[in-house]
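Residue-level structural notes
One-letter residues, chain by chain:
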Amino acid sequence: MRKATLLKALLVVFIMAGFSSAYAQDWRTFTWEPYKTKFKVPGNFSVTTSTGEEWSGTNSKITMDIYPRKNENLSRTEMKNNLYSWAADNGVTSIGDVTVLDEEKMNGYWGYMYEGNKGAFPVAVMMLVDPDYPDISLYVWVSYKEGYEDTVIDMLMSFTPN
């Protein structure tokens with residue numbers, strides 16, 4: 001099974017089962033007020049960048065970057081196309097099919113996700129929009145070592161409008 005397909009399959013299983021391995025480890029919650037969002041990362045994450053234009057954090061297994069954009073007001077088609085282009089322009093290869101993220105699955109957000117590879121690492125890229133604040137788009141990039149798919153899913157599914 002392709003790596004990208006594995007993450008997508010696990011995401012579907014976690015959503016359908018309502019199960020999360022978040023209880024198996026310590027988590028830190030970050031609230032980013034200017035972008036009206038909060039999200040969780042493993043407790044051993046080090047924040048490497050936290051500005052009004054980017055949030056980045058990492059541990060020895062996973063790296064996550066968030067790039068918010070204001071006033072894009074993208075249609076769903078534009079959102080999907082922009083996300084794909086962003087991934088491809090940043091060197092993601094073997095990009096799989098798009099995963100549609102609806103408000104029920106994503107704590108009130110809606111958006112899209114693509115999976116692929118950059119070098120030796122699996123990558124998931126996601127774009128989220130809060131229907132209450134459609135002028136804010138969150139571009140999320142996660143690269144990780146194989147075997148950490150469950151943690152990545154927990155991180156991506158933790159995004160919650162604030």
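Residues numbered from 1 in each chain as written. Predicted model: local features only at pLDDT ≥ 70, side-chain atom pairs only at ≥ 80, totals over all residues. Heavy atoms only, no water.

This brings us to the pairing of strand E1 (residues 27–32). In the sheet, E1 pairs with strand E2 (residues 37–42) via six bridges, with the strands oriented antiparallel. The partner of phenylalanine 30 across the bridge, within E2, is phenylalanine 39. A loop of four residues connects E1 with E2, the two strands running antiparallel in sequence, and lysine 36 in this loop sits at a positive phi of about 50°. (Pairing = 2+ DSSP bridges. Helix = DSSP H or I, 4+ residues; strand = E, 2+ residues; numbered from the N terminus.)

Here we take up the side chain of aspartate 130. Within the secondary structure, aspartate 130 sits in strand E8 (residues 121–130). The buried charged residue aspartate 130 lacks any salt bridge partner; its closest oppositely charged side chain belongs to lysine 36, at an N-O distance of 8.5 Å. Within the structure, the side chain of aspartate 130 is placed 2.8 Å from the backbone nitrogen of aspartate 132, a separation counted as a polar contact. (Buried < 20%, exposed > 50% of the residue type's maximum accessible area, 1.4 Å probe, protein only. Lys, Arg positive; Asp, Glu negative; His and termini not counted. Salt bridge = Lys/Arg side-chain N within 4 Å of Asp/Glu carboxyl O. Polar contact = N/O pair within 3.5 Å; in protein donor to acceptor, adjacent residues only side chain to side chain.)

Let's shift gears to empty space enclosed by the protein. Evaluation of the coordinates by the stated rule reveals one cavity of 30 Å³ or more. Taken as a whole, the largest cavity encloses approximately 40 Å³ of empty space. Lining the largest cavity are Tyr35, Lys36, Tyr109, Leu128, Val129, Asp130, Tyr133, Ile136 and Leu138. Of the residues contributing to the lining of the largest cavity, the split by class is seven nonpolar, no polar and two charged. (1 Å grid on protein atoms, 1.4 Å probe; cavity = no way out; pocket = protein on both sides within 12 Å on 5 of 7 lines; lining within 4 Å. Points joined across faces, edges and corners; volume = space filled by probe spheres on them. Nonpolar A, V, L, I, M, F, W, Y, C, P; charged D, E, K, R; others polar.)

In this section: the environment of isoleucine 62. Summarising the element assignment, isoleucine 62 is placed in strand E5 (residues 62–70). Taking relative accessible area as the criterion, isoleucine 62 reaches 2% and is therefore assigned buried. Separated by 59 residues in the primary sequence, isoleucine 62 and phenylalanine 121 have C-alpha atoms spaced 9.7 Å apart. Here isoleucine 62 is in contact with Phe45, Gly57, Val142, Ser143, Tyr144, Tyr148, Thr151, Val152 and Met155, once residues within four sequence places are set aside. (Contact = heavy atoms within 4.5 Å.)

Let us now look at the sheet that holds E1. The three strands are arranged E1-E2-E10 in an open sheet whose pairing can be described as antiparallel. Where the open sheet ends on each side, the last strands, each with one partner, are E1 and strand E10 (160–161). Summarising the sheet, E2 and E10 pair through two bridges and their orientation is antiparallel. Bridge pairing links lysine 38 to threonine 160 in E10. Where helix H3 (residues 149–157) meets the sheet, its contacts fall on E1 and E2, and the angle it forms with E2 comes to roughly 165°. (Axes fitted to C-alpha atoms, helices over the stretch in contact; angles between N-to-C directions.)

This part is about the sheet that holds strand E6 (residues 99–101). Spatially, seven strands are ordered E3-E4-E5-E9-E8-E7-E6 in an open sheet, and the strand pairing comes out antiparallel. Both outer strands of the open sheet, strand E3 (46–50) and E6, are each paired with one neighbouring strand and no more. Going from strand to strand, the sheet's axes swing by 20° on average, the running direction of each strand aside. As judged from the nine bridges shared by strand E7 (residues 110–118) and E8, these two strands associate in the antiparallel manner. Across the sheet, the residue bridging to glutamate 115 is alanine 124, located in E8. Of the strands in this sheet, E5, E7, E8 and strand E9 (133–144) are in contact with H3, which crosses E9 at around 165°.

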